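The lines below spell out each chain.
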Amino acid sequence: MFESRKKPNNIKLYVRRVFIMDNCEDLIPEWLSFLKGIVDSEDLPLNISRETLQQNKILKVINKNIVKKAIELFQEISENKEDFNKFYEAFSKNIKYGIHDDSTNRDKLAEFLRFHSTKSATEMTSLKDYITRMKEGQEFIYFVCGESKKAVEESPFLESLKKKGLEVLLMSDPMDEYAMQQLKEFEGKKFKNITKEGLDLATDEEEKKKQEELTKANEQLCTVIKDTLGEKVEKVATSQRLSSSPCVIVTGEFGWTANMERIMKAQALRNSGMGSYMTSKKTLEINPTHPIVTELRKKVEKDKSDKTVKDLVWLLYETALLTSGFNLDEPNTFASRIHRMIKLGLAIDETETEADKPEDDIPALEEEGGDANEMEKVD
């Protein structure tokens, strides 16, 4: 599908059994390029030119009918689970590309999507099946995108949702990012990317009140963290999505996610100018109930200019970048901080390691010559 030398489609056009062409781009959409077949029309004129063909209304009707027939065939295949699994394994990218590209048939194509989820184990689930398992009062279809299935399964963004028994769709195909940008809802339920800000999991007044209290208690810590990190993050806030991790980095509601940023950076022919306005602002969310954050808050309350606090804040930020799917801008600095922590754990003094450094105070040659002159005077 993404090879430049590949034919745009495999449909041959005939008019009254006379071959016309085999590369008519308007005959079939690009996302259906895997289909092979013959179209024989009685309505097109035999002496039609390529230029006239491009503006022919009959061609648009043929295109519409091919797409309609293809979707009907997909529907037939989906009735047999084993057959559909084979079909989806081979052509899932095309269906996702169709969702991104074909706004007319987007809702119909969404029915064929299959994803792993936090409750489906090894089986893949459809969006319809997900909706039947939704908890009472659940407004959104939650999903998370990542580099691999294992990475999204162990993502810190899932912690609170799992605890509350909310199912999350796990997406690890790069095409999922493109498809989900266009697919806003399914059967009246909106999609919610759990790696973006604006995730509200408080279901009752008691939870909301508790969250407000925690936010107020950590205001000073959030301010110190923001001052330490500066422009690296847009803001620092308390999180609702964490239960066992100390912190995580979320992106703005509009703009690229960490996974999309990774995909775009990997594009060899990407538009470098796009990154400047599509790269989303980062928000560091801290878990107010985590022991690390609790101790850090106590240190800040005692002395907010403590150098150890700043070092720990940077270490938390950089580990949060990694666990949230971002790349480190300065991996050597991060490694140095880790090495310092290892030395601290092994009780290695910094002065001991300096002995391995090359000595700078080697006597100069003039001094050696001077000593020789002194000996001559004695003689």
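Residues numbered from 1 in each chain as written. Predicted model: local features only at pLDDT ≥ 70, side-chain atom pairs only at ≥ 80, totals over all residues. Heavy atoms only, no water.

All chains considered together, the criterion is met by one cavity of 30 Å³ or more. Of all the elements in the fold, those that place two or more residues in the lining of the largest cavity are β12 (282-286) and α14 (307-323). Residues of the lining of the largest cavity, tallied by class, amount to six nonpolar, no polar and no charged. (1 Å grid on protein atoms, 1.4 Å probe; cavity = no way out; pocket = protein on both sides within 12 Å on 5 of 7 lines; lining within 4 Å. Points joined across faces, edges and corners; volume = space filled by probe spheres on them. Helix = DSSP H or I, 4+ residues; strand = E, 2+ residues; numbered from the N terminus. Nonpolar A, V, L, I, M, F, W, Y, C, P; charged D, E, K, R; others polar.)

This part is about the packing of aromatic side chains. Two numbers describe a pair of aromatic rings. These are the distance of the centres and the angle of the planes. Throughout the structure, instances matching the rule amount to 13 aromatic pairs. Considering the side-chain rings of Phe143 and Phe191, the 6.2 Å spacing of their centres and the 75° angle between planes classify their relative orientation as edge-to-face. Remark: Phe191 occurs in strand β9 (residues 189-193) and Phe143 occurs in strand β6 (residues 140-145); sequence separation between them is 48 residues. Side by side, Phe143 and Phe191 carry an identical accessibility label, which is buried. Linked through ring pairs, Phe34, Phe74, Phe84, Phe87, Tyr88, Phe91 and Phe112 together constitute an aromatic cluster. One residue, Lys192, lies across the ring of Phe140, its end atom 5.4 Å from the ring centre. (Phe/Tyr/Trp six-rings, centres within 6.5 Å; stacked < 30°, edge-to-face > 60°. Buried < 20%, exposed > 50% of the residue type's maximum accessible area, 1.4 Å probe, protein only. Lys NZ or Arg CZ within 6 Å of the ring centre and 35° of its normal.)

Spatially, six strands are ordered β5-β4-β7-β6-β9-β8 in an open sheet, and the strand pairing comes out mixed. Every interior strand has two partners, whereas the edge strands, β5 (125-126) and β8 (185-186), have only one. In terms of strand pairing, β8 meets β9 through two bridges, oriented antiparallel. Looking across to β9, one finds that Glu185 is bridged to Lys190. (Pairing = 2+ DSSP bridges.)

Confidence in the prediction for the protein chain averages 83 pLDDT; 84% of positions are at 70 or higher. This model gives residues 360-370 a pLDDT under 50, and the stretch forms one contact once residues within four places in sequence are excluded. Considering only residues more than four positions removed or in separate chains, one finds that residues 372-379, a stretch of pLDDT under 50, has zero contacts. (pLDDT = per-residue confidence, 0-100. Contact = heavy atoms within 4.5 Å.)

Time to look at the packing of helix α3 (residues 81-101) against helix α8 (residues 174-182). With their axes 8 Å apart at the nearest point, α3 and α8 run at an angle of 30° to one another. Looking at the two axes, α3 sits roughly parallel to α8. Remark: the crossing between α3 and α8 carries left-handed chirality. Where α3 approaches α8, its residues Lys93, Lys96, Tyr97, Ile99 and His100 are matched on the opposing element by Met175, Asp176, Tyr178, Ala179 and Gln182. Residue composition of the contact of α3 with α8, grouped by class: five nonpolar, two polar and three charged. (Axes fitted to C-alpha atoms, helices over the stretch in contact; angles between N-to-C directions. Parallel < 35°, antiparallel > 145°, perpendicular 65-115°, else oblique. Left-handed = near helix turned anticlockwise from the far one by under 90°.)

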